[in-house]
Amino acid sequence: MKNKALMMAALFIFAVMLAFSATGCFSVALRETRGDAKLPPIDPADGVPRDAEAELYYRLGSSDKLIAVRQTISVRANELTETAVLEALASVPKEHEGLLVPAVADMEDIVDVQLDGDILYVTLSEKFTDKTEMQRRIDELERSRDDISSDEYRSILQAIRDEHYSSVRLSIYAMINSLLSATEAERVQLLVDDGTGRGVRVSRREFGLEPQSSGTNSDILEPLKRFESVTAGMGDIASYFLNCLVSKDYDTAYAMLSPVSGRGEKKPSADEFKTMMNALCTVDDYEILGYLESKKGEFTADTRLSVSYADGRPRILYNVKLTAYEISGVCKFDFDALYKTLNDRR
């Protein structure tokens, strides 16, 4: 009987507690602890695939200039826009294959990406600054040192080093400018994986950058802003195209041709282009006298060409107009008009 009374009392107390809990009398007050844990802000776009506008920078062939191509990139759900930009830089648009060079050779070169305030931290793999190929070429040069003069040796050695650091430097320019065009970051701090997944700061020379003119740590790489004066202008593009013709690099020259001429003629196939050029003439030298934008998206370069026709006759051709059209952000040349000029003046 006593046990039954105790059980009834316990049930009564439990029922009272449930009633008070429903009215909030026993609700627990949660205290916000600002210092205990700093949670990242929630982006409303997280978890939703989306598109982002970006100005992506690629190297113009083997030149020391970049080409900016405005693209819409796809950002996967829960993916950082910055990561999507870097993935886009690992390949070039199909219509510019054979001409533009990706800034990122492989996404495995990117170890980590984090945004902190207005600084974007990008950790690169050790492979990004690897000098194995440069050293292989230097070793090969050393083996033939006795066969060349001292001046020639120093010249080739410097060219090998310049080529390596120019490639690294242009990749850095392209990454920095592309990332800053599409994100809220104002500067980018590049780090290099120390082998454990932790990014460490390195010297500017590792990326082919000159030390800063002042400061106690003038050689340590600080956060970088957008690089100006690295984008190819019309003169740079015209020079690169003509250099390809002079060196008979017809594969690259072909990639620089507009798919359709001003008269609506489609460009020939790559094999036809080579055959037509070899049967007509070779371009031996050139001079660009000026260039202008005749209308939006159309450019004309005024040139003087030194050519040798297939029958052996050398000629200097004055006032040869190179017309280019902007195709998906890249100037490409009207081969139909150029071929007609070369053929008519033979």
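To start, this report covers the structure provided alongside it.

Quick notes on the rules
Residues numbered from 1 in each chain as written. Predicted model: local features only at pLDDT ≥ 70, side-chain atom pairs only at ≥ 80, totals over all residues. Heavy atoms only, no water. Core = buried A, V, L, I, M, F, W, Y, C linked by side-chain atoms within 4.5 Å. Buried < 20%, exposed > 50% of the residue type's maximum accessible area, 1.4 Å probe, protein only. Helix = DSSP H or I, 4+ residues; strand = E, 2+ residues; numbered from the N terminus. Contact = heavy atoms within 4.5 Å. Salt bridge = Lys/Arg side-chain N within 4 Å of Asp/Glu carboxyl O. Polar contact = N/O pair within 3.5 Å; in protein donor to acceptor, adjacent residues only side chain to side chain. Pairing = 2+ DSSP bridges. Axes fitted to C-alpha atoms, helices over the stretch in contact; angles between N-to-C directions. Phe/Tyr/Trp six-rings, centres within 6.5 Å; stacked < 30°, edge-to-face > 60°. Lys NZ or Arg CZ within 6 Å of the ring centre and 35° of its normal.

1. Let's talk about the nonpolar core
So, point 1. Formed by 83 residues in total, the largest nonpolar core has its most connected members in I172, L190, F207, F241 and L245.
So, point 2. Looking at which element gives the most residues to this core, the answer is helix α4 (residues 150-182), with 10 residues.
So, point 3. The contact partners of L190, leaving out residues within four places of it in the chain, are V122, L124, I172, I176, F207, L221 and L224.
So, point 4. Membership of the second largest hydrophobic core comes to 6 residues, among which are M134, L141, Y153 and L157.

2. Description of the pattern of salt bridges
Any two side chains of opposite charge can pair, so long as their charged atoms come close to each other.
So, point 1. This model, assessed by the stated rule, comprises 20 salt bridges.
So, point 2. D109 is paired through a salt bridge with K127; the nearest N and O atoms lie 3.4 Å apart. With D109 in the loop between β3 (100-101) and β4 (110-116) and K127 in the loop between β5 (119-124) and α3 (132-143), this pair connects stretches of sequence that are 18 residues apart.
So, point 3. In this structure D109 comes out as buried when scored by relative accessible area, which is 5%.
So, point 4. Residue classification places K127 among the partly exposed residues on the basis of a relative accessible area of 48%.

3. With respect to the side chain of S258
So, point 1. Inspection of the secondary structure assignment puts S258 in the loop between α6 (250-255) and α7 (270-280).
So, point 2. Here the side chain of S258 touches V260 through a polar contact of 2.7 Å, landing on its backbone oxygen.
So, point 3. Beyond its immediate chain neighbours, meaning those up to four positions away, S258 contacts K267, Y325, I327, K332 and F333.

4. Observations concerning the sheet that holds β5
So, point 1. Read across the open sheet, the 4 strands follow the order β4-β5-β6-β7; overall the sheet is mixed. A strand with exactly one partner marks an edge of an open sheet, and here the two such strands are β4 and β7 (199-200).
So, point 2. Of the strands in this sheet, β4 and β5 are in contact with helix α2 (residues 81-88), which crosses β4 at around 140 degrees.

5. So, the pairing of strand β6 (residues 187-193)
So, point 1. Counting buried residues in β6 gives 6 out of 7 residues, a clear majority hidden from the surface.
So, point 2. Sheet topology places β5 next to β6; 6 bridges connect them, and they run parallel. For I119, the partnering residue across the bridge sits in β6 and is R187.
So, point 3. Sheet topology places β6 next to β7; 2 bridges connect them, and they run antiparallel. Each residue of the ladder has a partner; that of D193, found in β7, is G199.
So, point 4. Connecting β6 to the antiparallel partner β7 that follows it, the hairpin turn spans 5 residues, and G195 within it adopts a positive phi of roughly 105 degrees.

6. With respect to α2
So, point 1. With 7 of its 8 residues buried, α2 lies for the most part within the structure.
So, point 2. Buried within α2 we find T81, E82, T83, A84, V85, L86 and A88.
So, point 3. Packing partners of the buried residues in α2 comprise β1 (50-60), β2 (66-75), β4, β5 and α4.

7. Quick word on the packing of aromatic side chains
So, point 1. Applying the stated criterion to the full structure yields 7 aromatic pairs.
So, point 2. Taken together, the ring pairs in this structure connect Y250, Y254, F273, F335 and Y339 into an aromatic cluster.
So, point 3. Over the ring of Y153 we find R145, and its NZ or CZ is 3.9 Å from the ring centre.
So, point 4. Sitting over the face of the ring of Y254, K267 holds its NZ or CZ atom 4.1 Å from the ring centroid.

Remember that the coordinates give geometry; whether it matters functionally is a separate question.
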